[in-house]
Each structure stands twice: as structure tokens, then as C-alpha cells.
Amino acid sequence: MTHSPQTDGIAAARLDDATLAAHFDDLHPILDDHEARVAADRCYFCHDAPCITACPTGIDIPLFIRQIQAGMPDAAARTIFQQNILGAMCARVCPTETLCEGVCVRNEAEGNPVEIGRLQRYATDGLLEANEHPFTRAAPSGKRVAVVGAGPAGLACAHRLAMLGHDVVIHEARPKPGGLNEYGIAAYKAANGIAQAEVDWLLRIGGITIETGSALGRDITLDGLKAEYDAVFLGMGLAGVNALRAEGEDLEGVRDAVDFIAELRQAKDKSALPIGRHVVVIGGGMTAVDAAVQSRLLGAEHVHMVYRRDRDAMGASEYELDHAATEGVTILTNAMPVKIIGNGKVEAVEFAYTRSGPKGLEQTGETFTLRADQVFKAIGQTLEGAPDALDIDRGKIVTDATGRTSVAGVWAGGDCAQGGEDLTVTGVAQGRDAAMDIHAALTA
Amino acid sequence: MADLTSNFVGIKSPNPFWLASAPPTDKEYNVRRAFEAGWGGVVWKTLGEEGPPVVNVNGPRYGAIWGADRRLLGLNNIELITDRPLEVNLREMKMVKRDYPDRALIASIMVPCVEEAWKAILPLVEETGADGIELNCGCPHGMSERGMGAAVGQNPDLIEQITRWCKQYTRMPVIVKLTPNITDVRKPAQAAKRGGADAVSLINTINSITSVDLDDFAPAPTIDGKGTHGGYCGPAVKPIALNMVAEIARDPETADLPISGIGGVSTWRDAAEFLTLGAGNVQVCTAAMTYGFGIIKEMTAGLSLWMDKKGFTSVDQITGRAVPNVTDWQYLNLNYVTKAVIDQDKCISCGRCYAACEDTSHQAILMKEGRVFEVDDSECVACNLCVNVCPVEDCITMKRVAPGALDERTGQTVPAEKGDWTTHPNNPMARAAE
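Residues numbered from 1 in each chain as written. Chains lettered and ligands numbered in written order. Predicted model: local features only at pLDDT ≥ 70, side-chain atom pairs only at ≥ 80, totals over all residues.

As recorded in an unreviewed UniProt entry, chain B goes by dihydrouracil dehydrogenase (NAD(+)) and comes from Pararhodobacter marinus. For chain B, the Subunit (unreviewed entry) comment in UniProt is given as "Heterotetramer of 2 PreA and 2 PreT subunits." Quoted verbatim from the Function (unreviewed entry) field of the UniProt record, the comment on chain B reads "Involved in pyrimidine base degradation. Catalyzes physiologically the reduction of uracil to 5,6-dihydrouracil (DHU) by using NADH as a specific cosubstrate. It also catalyzes the reverse reaction and the reduction of thymine to 5,6-dihydrothymine (DHT)." (UniProt positions renumbered as here; feature names shortened; annotations may be inferred.)

In the annotation of an unreviewed UniProt entry, chain A is listed under the name Dihydropyrimidine dehydrogenase and assigned to Pararhodobacter marinus.

The following block contains the structure:
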């Protein structure tokens, strides 16, 4: 440890190695056998359970919990993976408080839901650890499908297609598969290389080839894929980021939160990562929370997360916001950046207070300034490099319920496509469902 | 405050809670701890005849079943009677009785079915100052293979015989402990009475295998790859015990025979239930083995407070209070019509009532928009299954359809007068009587 949280400017190694290691370890440890049995015993096995309906992938949650109760967690894992092939990562990153756990009848009964997310992790981690892949491929169909993007949607689509007997080639722009699970999630939510381990486990189905460093529009084209393959699935996510459109955005020390999060996730040595003494994160979603919390965990002394609307409008869940507050992040709402101040390097950010007026959000006229050595922009990602042939509506590829785009033979899912929230679990559902439709089309 | 003191066939104790003859009462150390904790009496673990004591297995003696959160619901055991020398037990009993003269000390005894054996042991027991004896005619494992325990309890003639011997050779009150491993518990109770028993106690444990080890394919508890049936007890057996107690209490032949109620008593409420069905006191084992002797404080405090609230001042006012209401099915009022009512404020929308009714009963619960569950009175037969599967207490209750009102299921007006099977038109016997 060469620096401290009080070191001015941007500096690495603000905390000692042991503290950093603890900070980026599992946020919630896995349930042990006893804890899992106690937690599982609380499930009522509801009829037509609300948790199933609330899960974008429709996992039969009461069934898998009953399988844990009955002492067969590997059967529980199969139940989960049948619906959601990225069940282990979803167990960690799903905002369960707004999905399955949010509708658990135990909330009504005693204000405390069954710990579905942690039980799912208990079951799925067990099967991953045993390195058992319970699915097998159908007889080869002779069909080949191209998948663009090895994120949750692309992987889910590829696995289902491979299971159904088709051969799949995934084109991934980045050096590693996993998408946001690998590059876009806070390190403490995916500790111990779980994202990569799950991808490796998933690929054991066979029949899936991943070509990394292969980006649509740069290395491959939609027309080329259409010509070479029997079907194409697009799951390339949202590669662009929104600009602040505030003066001083190009000052040194101002960067996109997604880049910071990706760099942090890939860094083996967290003490090598420089972080500001004063960090300002602009945005109100999960990316903003992940950037703000991890800034604190790296040793930033003061971290402000500033959002232009009120708390209810924030994309991050109450649970995530509480976690951020617990980690020492100061959350400010109803304030928008008007100017980033600095001479070459960022020194401060000037904000204007906002309120909702007749024409939408307006400034109240009052301003304040926050000291900042580093500014992370987390105000949303955008679709980038989508082929011109596709219909695009409000920044998303237009799809029908089964993922078909406006171009015959091309499907899309995940964050780049319409429908649902931009969540890992939604991507998995859309990838899987598109695969079923592709299969139907290829075998019709 | 209610007076909990108990006088059971002349045996006095400060409360009606005795520890049953079992591992908790096998030796002085445990019994002293029990008395210090507040137990009213103990039935000392069963004594055998003089000579080399029995031996126990050296592998596991207990098997169990559990409910949610691993709550122990049922326990079984393959332990035999005391495996300590008779003289040691007698010496300890004497010392304990000397130090706790206000507590009840009863000796459980099991010796071979020969007069000499009983004649020999009874004076030795009497010499300890014990307040009474309990004849172990119930132990279902091990000893029964040697013609004792349940082997006696399954033969009314033998029960009568050994009871008679005991009454002949001791002045101590004689309690006959009955096995539930029979078809009609009234027969052994009647035999005990014919033999002159002062009381019966029941139930002893039930023949059982709690589980099977699916790796070794052997019943549990497993001893070197083999298992045997053991005696089942604990909360799971309480309903069986309550019925057997009630059967004896309402049998004209044994209605005046005092009963010590045993079988899954875990709380004051269980005890109160046994008392109302005819028990003069209760004996407890599994609950103490699960939680330790400290539970006696919950039991005495709870029973006392309940009695206060009900206006009862002594235990004998409770005994048998529910017996007149135990009847045969044929006398149940078929004109008493109820319907399930779901309290929407308490409902948590789990839908278990719906699943139970829709899949396994009468399709009388409707699932409406927004997971609202309502009873369809035109289908509800009042079976009570929804009440029993609902996880929220008092969320679903049975409400009576008032006489004169329409029963939507039958389309008939509910009659005001009682009507049972004996007079029902569908009963061929009723028609024959006309």
C-alpha cells in the first residue's frame, strides 16, 4: 500500500492487498447445506406461483426449491438450467427484489421473501462445481447458425440450438465470451471467475464454436452471415454510450463507467487500478451503482452518485441503492451536470438542481459544485453498428415475440432488441426463445 | 391461580407432569436434574429381574423423522429396559425419593410372566419408598422377543394375570402401561381392570421403521448393515394416543379406570387435551429428550394460565371434560352444515387451498384475477382440507350455515333439528327399523 484514501488526485493502491481482496470477494457467500435447507423450508410451493411468472426465463422456482428440500440439489440445478442456461450468473446478478423475490407471498406473510436467488446459486454452483453438464445434443440437423455476440442472449441461443442438433458459430467482438456477465458486472457479484466458468460449462454441450475478436460491421457483415449460415441471431448488446453533452466532457479523468467496470473486472491485481480521491458518478442505473460502489471499494475517499431525476425514477433497485449507501456512496438526486471544470484534468463538476416542469425536466436555477478527480459517465448505453437493413425503433432492433427481425432469416435478442428490461435474465429468455423459433423455422 | 397439584390413584405430585419411563429417567443424575427443573414425578426406567442386566446395542439407538426446519416430529428407539444392575437402580431410587419426598417416584417393572419373578422384585421396589409401580406391557422391541413387554400387552389374559400378582404382592398402586400395537385398546384395558389395576397408562411406543438408508439398503437406525423395528413416539403419535385414551375413557367397562396419558405431549396444550379426554395426568418423554428438562416451565405455566382463563381451579376439573363429546360417527349431526370462509385480509395468495381443492377435493375454491381465492359455496362440502393446508392460521375458517338458510350445494334448506345416520333415509338399517 503506497497511497491512502486521502492521497490527492488519481492514485492506485489506496488500500492494502488484503482489504482489496476482501472488498472484491463474493458479496454474499454461497449458502451452506444447512442454510440452504433452512431457507428452502420456507417455500410454500404456491399454486401457479407468482415467482415463476415474475421470472423472465420462467424457472419453476417452487419445484427447484422443493428439490432442495428433498435433498436433491442437483435435480434443482437441472430444473433451473432447463429454463435458464446461465442460472448461476443470474442467481448473482438478477435484481431478485424486483423479480421473483419481490412477489414471493412470504412478503405478504411476514415481510421477508424466500431467498430464491441464493437458493438458485446453491443449486447451480453445486452442479457447476461437479462439472456435470446434464444436457445432450439431438441428432445433427446439418444446419448451421451464426450468433453475433457471446453475451447472455447469444450464449443462451447457441446452447439451445446446439441441444437441438444445430451447429453454431458465435462471433464475439471482445477477447472473451460472456458479454456483460464478463465485462459489465461488478466484480464482487461474479467473484472467483464464475462468469467464465459458467460459459465453459455451457460450451460442454458441444457444437458451438466461438470466434473472438470478430465484430459485426468490422470483421463480418450481416449479408455475409446470411449467405454462409442457415440462420442468424443478433445478440451484440449495446456497445455505444450516451454523451453527457456538458462542457468539459473531454477533460482528462472523465470516462465511461462501462469501461471502468470492464477494466476492473479484467484486472487480476486490483491494487494496480488508479482511482480518484473524489469520484463523481453521473447516472442512476445499475451501471452507475456498480461504478460508484467499486470506486469506494478501491479506496476513493468521497464518491457521489448524482442523478438528474428523483429516486423513484432511478434504474437501480432500492436494494442496490441501499447497498451503495452502506458502502459509503452519497446519492444525490434531482441534479444534472452543467459543466465539468478543470484545466486539462477534471477538478470539479458543477450541477444544477432540477424539477419536473410543464415541458419535462427543468433547472431550478440553483447550482452546486462537487470536487472531482474522476468522473464516470453512466447515463445509458446505445445500439451501435446495427446493420442498415434492420428496422430500428427507439434505439432497439424491432423484433416480434419470437425474436424475428424485419429481415427474413435474422433473429435478435438481448439488450440490442426490443422487449423486456435490459437484464441478463431477459437476454437469456430472448436468446432461448429465438432458438426455439429458429429451430422451428429450420425444421419446418 | 390454578392449583396444579395432582393426586393420581393416591400418588401425589406438585403438578400432573411426570417423565415417562425412558432414557431420561434411567439414573439418579438425570432424575435429580428433572426434579430440580420442576417435574412433578418420574417413572423410573424399567427395572428387570435380579442378575446380569440386559445389554443394549452399541450402534445408534434412535431414528427420527423431521418437519420443516428439522423440527423433530417423530422419534423411534431400539433401546431396551435399564442395562444397569437392579441393586444400583434401587439404591438410587431410594436416595432420590428421600431427597424429594414431595415428588412422585414410580418404578416401571418388566420381569418374566411367572409369579415367582413378580413376587421376588416387588418387595425390593417397595423398600425404596417408591410411590407406585408401572407394569411395562408395551415395549415393542427386543424384550417382546423374549416374551415380555408388548408380548404381554398383546395378550389380555397375561395382563390380567400379572396385574393380579402385583396387587397380591404389593400395597403400592399398580399402573398397567399399554401397548398401542393391538387392534382394540379397550381389551387390554379391560383385562388390567379385571386384574385389579389402579390405573392404566398409554400409549407405549408404536412399532416402526423411521427410514431406510438408500446407500446400504437397510432400515434406520442401522447397526452393522441391519436394522429392526423400534418404538415410535413424539408429536407424530399424539393423535393415535389421544384416540386410545378416549376409547378407554368412554368404554362403560373402563370409564372409571384412571388413565395416565402418554404420547407426544410437547406443550401445555397437548397435556390439556389428554386431560380432557380422560387422563388424570400425563407422562412426557420425547419433548424432554428433544429440548431438555427446561420445557416443564412452559408446560406448568401454560396449563396454569389456561386453567385460570377458563375458571378451573384444579386438574381434576379438566379430566374427562371432553369425553362426553367423543361419539361414534353414526351419531354425528348430518344437518350441521358449514362452509369454508377465506379472510381476504389474512390471505397471502399462495394458492395452496386452491391446489388442494382443485386437484384433490371438490373444486370449491375459485382463483380469480389478481390471485384472489374465494370459496364457491355451491361446491364446498366443508371438508376442511383448505383450512389444514393454509399456511396462515385462522385465514380460512369454517362458518356454520344457519338453520333455515339455503345450502347452495344441495339446494336444500338447512334443517334446525339434528339428524344423524341412524335415522337417515339412505341407511338400510334405519329403514329396517321402521
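Next, the rest of the story.
A. Broad picture of the overall build of chain B. Regarding its fold elements, chain B presents 13 helices and 22 strands. Scaling as 2.2 N^0.38, a compact globule of 434 residues should have a C-alpha radius of gyration of about 22 Å, and chain B matches this with 25 Å. By principal-axis analysis of the C-alpha atoms, chain B measures approximately 75 × 55 × 50 Å. Counting only residues that meet the buried cut, chain B has 46% of its 434 residues in that class. (Helix = DSSP H or I, 4+ residues; strand = E, 2+ residues; numbered from the N terminus. Rg over C-alpha atoms; globule rule 2.2 N^0.38 Å. Buried ≥ 20, exposed ≤ 12 C-beta atoms within 10 Å, placed from the backbone.)

B. Structural context of the overall build of chain A. Broken down by element type, chain A carries 16 helices and 19 strands. Taking 2.2 N^0.38 as the reference for a compact globule, 444 residues should give roughly 22 Å; the C-alpha atoms of chain A span a radius of gyration of 22 Å, in line with that estimate. Here the C-alpha coordinates of chain A stretch approximately 65 × 55 × 50 Å along the principal axes. The buried share of chain A, reckoned over its 444 residues, is 49%. A separation threshold of at least 6 residues defines the contact pool for chain A, and within that pool the share at least 24 residues apart is 70%. (Contact = placed C-beta atoms within 7 Å.)

C. Looking closely at the nonpolar core. Among the nonpolar cores identified, the biggest contains 151 residues, and Phe233(A), Val281(A), Ala292(A) and Met305(A) are the most heavily contacted of them. Residue contacts for Met305(A): discarding those within four places in its chain leaves Val281(A), Ala288(A), Ala292(A), Ala324(A), Val329(A) and Ile331(A). Judged by nonpolar contacts, the second largest core, of 97 residues, contains Val31(B), Ala199(B), Val200(B) and Ile262(B). (Core = buried A, V, L, I, M, F, W, Y, C linked by C-beta atoms within 7 Å.)

D. Up close: the domain arrangement of chain B. What the domain assignment reports for chain B is domain 1 (6–325) and domain 2 (329–433). Taken over C-alpha atoms, the centre of domain 1 of chain B sits 39 Å from the centre of domain 2 of chain B. (Domains from an automatic or database assignment.)

E. Representation of the packing of helix H5 (residues 156–169) of chain B against helix H6 (residues 186–194) of chain B within the structure. Residues and elements named next belong to chain B. The geometry of H5 relative to H6 is characterised by a closest axis approach of 7 Å and an angle of 25 degrees between their N-to-C directions. Taken together, H5 and H6 sit at an angle that is classed as roughly parallel. Of the two possible hands of crossing, H5 and H6 adopt the one that is right-handed. Of the residues in H6, those touching H5 at Pro 156, Asp 157, Ile 159, Glu 160 and Thr 163 are Lys 187, Pro 188, Ala 191, Ala 192 and Arg 194. Here the residues of the contact of H5 with H6 are counted per class, giving five nonpolar, one polar and four charged. (Axes fitted to C-alpha atoms, helices over the stretch in contact; angles between N-to-C directions. Parallel < 35°, antiparallel > 145°, perpendicular 65-115°, else oblique. Left-handed = near helix turned anticlockwise from the far one by under 90°. Nonpolar A, V, L, I, M, F, W, Y, C, P; charged D, E, K, R; others polar.)

F. Highlighting the domain arrangement of chain A. Residue and element names in this part refer to chain A. When the domains of chain A are assigned, the result is domain 1 (10–18 + 242–381), domain 2 (42–130) and domain 3 (144–239 + 383–443). For domain 1 and domain 3, the distance between their C-alpha centroids amounts to 30 Å. Per element, the largest residue contribution to the side of domain 1 that touches domain 3 is five residues, and it comes from helix H13 (residues 257–266). Of the residues contributing to the side of domain 1 that touches domain 3, the split by class is five nonpolar, two polar and two charged.

G. Main features of the sheet that holds strand S10 (residues 302–306) of chain A. All names here are of chain A. Strand order in this open sheet of five strands is S7-S15-S9-S10-S11, and the pairing throughout is parallel. Since the sheet does not close on itself, it has two edges, and those belong to strand S7 (254–256) and strand S11 (329–332), each with one partner. Looking at each pair of strands side by side, their axes are set apart by 20 degrees on average, direction ignored. Contacting strand S9 (278–282), S10, S11 and strand S15 (374–377), helix H14 (residues 286–298) crosses the sheet at an angle of about 170 degrees to S10. Sitting on the sheet, helix H15 (residues 318–326) is in contact with S10 and S11, with an inclination near 130 degrees to S11. (Pairing = 2+ DSSP bridges.)

H. Structural context of the interface of chain A and chain B. Contact with chain A, which involves 10 residues of that partner, is made by 12 residues of chain B. At three residues, helix H7 (residues 105–110) of chain A tops the list of elements feeding residues into the side of chain A that touches chain B. A per-class count over the side of chain A that touches chain B returns six nonpolar, one polar and three charged.

I. Examining the UniProt feature "domain: FAD/NAD(P)-binding" (unreviewed entry) in chain A more closely. In the numbering adopted here, UniProt assigns the feature "domain: FAD/NAD(P)-binding" (unreviewed entry) to residues 144–431 of chain A. Spanning residues 144–431 of chain A, this segment combines 25% helix with 31% strand, and its end C-alpha atoms are found 16 Å apart.

J. The arrangement of the environment of Val176(B) in detail. Note that Val176(B) resides in strand S9 (residues 174–178). The residues contacting Val176(B), other than those within four sequence positions of it, are Leu135(B), Cys137(B), Ile159(B), Thr163(B), Ala192(B), Ala197(B) and Val200(B).

K. Up close: the pairing of strand S15 (residues 259–262) of chain B. Residues and elements named next belong to chain B. Of the two faces of S15, the one carrying Ile 259 and Gly 261 and the one carrying Ser 260 and Ile 262 are both buried. As judged from the three bridges shared by strand S10 (residues 199–202) and S15, these two strands associate in the parallel manner. If you follow Val 200 over to S15, its bridge partner there is Ile 259. Pairing geometry for S15 and strand S16 (residues 279–284), over four bridges, is parallel. Looking at S16, one finds that Ile 262 is bridged to Gln 283. Handedness of the β-α-β unit built from S15, helix H8 (residues 268–276) and S16 comes out right-handed. (Right-handed = clockwise from strand over helix to strand, strands pointing away.)

L. Layout of the pairing of strand S2 (residues 144–148) of chain A. Residue and element names in this part refer to chain A. Most of S2 is tucked away, with four of its five residues classed as buried. Bridge count for S2 against strand S3 (residues 167–172) is five bridges, and the pairing is parallel. Bridge assignment links Val 145 to a residue of S3, and that residue is Val 168. You can see the chain leave S2, run along helix H9 (residues 152–163) and come back into S3, and the turn it takes is right-handed.

M. Structural view of unusual backbone geometry. Here the residue pair Leu202(B) and Ile203(B) is connected by a cis peptide bond, since its omega of 10 degrees sits within 30 degrees of zero. Here Ile203(B) is to be found in the loop between S10 and strand S11 (206–208). Note the cis peptide between Ala220(B) and Pro221(B), where omega equals -5 degrees. With respect to the helices and strands, Pro221(B) occurs in the loop between strand S13 (218–220) and strand S14 (230–233). Although it is not a glycine, Asn131(A) sits at a positive phi angle of roughly 55 degrees. Relative to the helices and strands, Asn131(A) is located in the loop between helix H8 (116–130) and S2. Looking at Asn131(A), the number of C-beta atoms within 10 Å reads 10, which means it is exposed. Positive phi, normally seen in glycine, also occurs at Asn384(B), with a value near 85 degrees. As for its position among the elements, Asn384(B) is in the loop between strand S19 (372–375) and helix H12 (385–389).

N. Region of the structure containing the sheet that holds strand S14 (residues 360–371) of chain A. Residue and element names in this part refer to chain A. With antiparallel pairing, the three strands of this open sheet are ordered in space as S12-S13-S14. Bordering the open sheet on either side are strand S12 (335–343) and S14, each of which pairs with just one other strand. For this sheet the average axis-to-axis angle between neighbouring strands, irrespective of direction, equals 25 degrees. When S12 meets strand S13 (residues 345–357), the two strands line up antiparallel, connected through eight bridges.

O. Expanded view of H14(A). Residues and elements named next belong to chain A. Its 13 residues give H14 an end-to-end C-alpha distance of 18 Å, which sits within 8% of 18 Å, the value for a rise of 1.5 Å per residue. Across the 13 residues of H14, 13 count as buried, placing the element largely inside the fold. Positioned one or two residues after H14, Gly 299 has a phi angle of 115 degrees, which is positive. (Expected span 1.5 Å × (residues − 1).)

P. Representation of H6(B). Residue and element names in this part refer to chain B. Regarding H6, the residues found buried are Pro 188, Ala 189, Gln 190, Ala 191, Ala 192 and Lys 193. In this structure, the buried residues of H6 make contact with helix H4 (150–153), H5, S9, S10 and helix H7 (238–249). Among the residues trailing H6, Gly 196 stands out with phi positive, at a value near 100 degrees.

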